Amino acid sequence: PIFKTKQAILFELYDQALRFAQDRISAVDDPDGDPERVLYRMVREHALLIMEEQRLYRLFFSEDSSLDKETYEAVLCRQTEYLKQVARRVEQLQEIGRIPTRVSPLVAVQTMLGAGSFTTKWFEASRREPVTSIADVIAEIVVGGLLNLPAESAAPAS
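Residues numbered from 1 in each chain as written. Predicted model: local features only at pLDDT ≥ 70, side-chain atom pairs only at ≥ 80, totals over all residues. Heavy atoms only, no water.

Any chance you could explain the environment of Lys6 here in plain terms?
By the secondary structure assignment, Lys6 is in helix α1 (residues 6-28). The spacing of Lys6 and Cys77 is 71 residues in sequence and 21 Å in space, taken between C-alpha atoms. (Helix = DSSP H or I, 4+ residues; strand = E, 2+ residues; numbered from the N terminus.)

Encoded structure:
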């Protein structure tokens, strides 16, 4: 396709990035499956995608200030739907007592997916370890950490 403006190019790139991400987590989402396993797979796939499509996601995380207001709002809406899809698994885990209810599902998801997203800052494709191994470690650390939170907050009272 021929693009007439920078906005048209950015829109296409953001649309592609969001489609890729949604397709990846939707492929592993199973509302009737074990929510721990599904959450792990979602976080893993997110991290894996970010590393596999590093150039696209570096742009995605750095150019949002260049989007016009309408495009930015559309992107934000789609990102929110993405987060909510993953947050539903956190809510399921809260319902069965695996995650404390004091934890905001959206904050948990933003934290977990942020670990995968941050690979745009440090991951280099020339690394020796395969991206699948790195994605496994990210998912194990962040999902495992969430699942092992104490029932009561360990934070000191203010």
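What exactly am I supposed to notice about the layout of surface pockets here?
Empty pockets left among the atoms are what a rolling probe the size of a water molecule brings to light. Estimates place the volume of the largest pocket at around 320 Å³. Along its surface, the largest pocket is lined by 17 residues, and Phe61, Gln79, Tyr82, Leu83 and Ser117 are the ones closest to its centre. Listing elements by their share of the lining of the largest pocket, those giving two or more residues are α1, α2 (35-52), α3 (54-62), α4 (69-95) and α5 (105-117). (1 Å grid on protein atoms, 1.4 Å probe; cavity = no way out; pocket = protein on both sides within 12 Å on 5 of 7 lines; lining within 4 Å. Points joined across faces, edges and corners; volume = space filled by probe spheres on them.)

It is not clear to me how the confidence of the model for the protein chain should be interpreted in this structure. Could you clarify?
Averaged over the protein chain, the pLDDT score is 92; the fraction of residues at 70 or greater is 96%. When mean pLDDT is taken per element in the protein chain, α2 scores highest with 97 and helix α6 (residues 119-122) scores lowest with 92. (pLDDT = per-residue confidence, 0-100.)

Looking at this structure, how should I read the pattern of salt bridges?
Oppositely charged side chains may form a pair once their charged atoms are brought near each other. Across all of its chains, the model carries 12 salt bridges by this definition. With its nearest N and O atoms 2.8 Å apart, the salt bridge here joins Glu45 to Arg24. In this pair, Glu45 sits in helix α2 while Arg24 sits in helix α1, placing the two residues 21 residues apart along the sequence. The residue Glu36 makes a salt bridge to Arg98 at a minimum N-O spacing of 2.5 Å. (Salt bridge = Lys/Arg side-chain N within 4 Å of Asp/Glu carboxyl O.)

It is not clear to me how the packing of α1 against α4 should be interpreted in this structure. Could you clarify?
Relative placement of two packed helices is described by the angle separating their axes and the distance separating the axes. Relative to each other, α1 and α4 sit at 10°, their axes nearing to 11 Å. By the criterion of interaxial angle, the relationship of α1 to α4 is roughly parallel. Contacts between α1 and α4 involve Gln7, Phe11, Tyr14, Asp15, Leu18, Arg19, Ala21, Gln22, Ile25 and Ser26 from the former and Thr71, Val75, Arg78, Gln79, Tyr82, Gln85 and Val86 from the latter. For the contact of α1 with α4, a count of residues per class yields eight nonpolar, six polar and three charged. (Axes fitted to C-alpha atoms, helices over the stretch in contact; angles between N-to-C directions. Parallel < 35°, antiparallel > 145°, perpendicular 65-115°, else oblique. Contact = heavy atoms within 4.5 Å. Nonpolar A, V, L, I, M, F, W, Y, C, P; charged D, E, K, R; others polar.)

I'm lost on the environment of Leu13 in this one. Help?
Within the fold, Leu13 resides in helix α1. Measuring from C-alpha to C-alpha, the distance between Leu13 and Val28 comes to 23 Å, with 15 residues separating the pair along the chain. In contact with Leu13, not counting residues within four places along its chain, are Leu56 and Leu59.

Even after reading the chapter, I still don't get the side chain of Gln94, so can you show me in this structure?
Mapping Gln94 onto the fold places it in helix α4. Those residues in contact with Gln94 that sit more than four places away from it in its chain are Ile99, Pro100, Thr101, Val103 and Pro105.

What am I meant to see in the packing of aromatic side chains here?
Going through the model one piece at a time under the given rule, you end up with five aromatic pairs. Seen from their ring centres, Tyr57 and Phe61 are 6.3 Å apart, and the 40° between their planes marks the pair as tilted. Placement of the pair is Tyr57 and Phe61 together in helix α3, with a separation of four residues, close to one helical turn. According to the relative accessible area criterion, Phe61 is partly exposed, its value standing at 38%. Ring geometry for Phe60 versus Phe61: centroids 5.3 Å apart, planes at 90°, classification edge-to-face. (Phe/Tyr/Trp six-rings, centres within 6.5 Å; stacked < 30°, edge-to-face > 60°. Buried < 20%, exposed > 50% of the residue type's maximum accessible area, 1.4 Å probe, protein only.)

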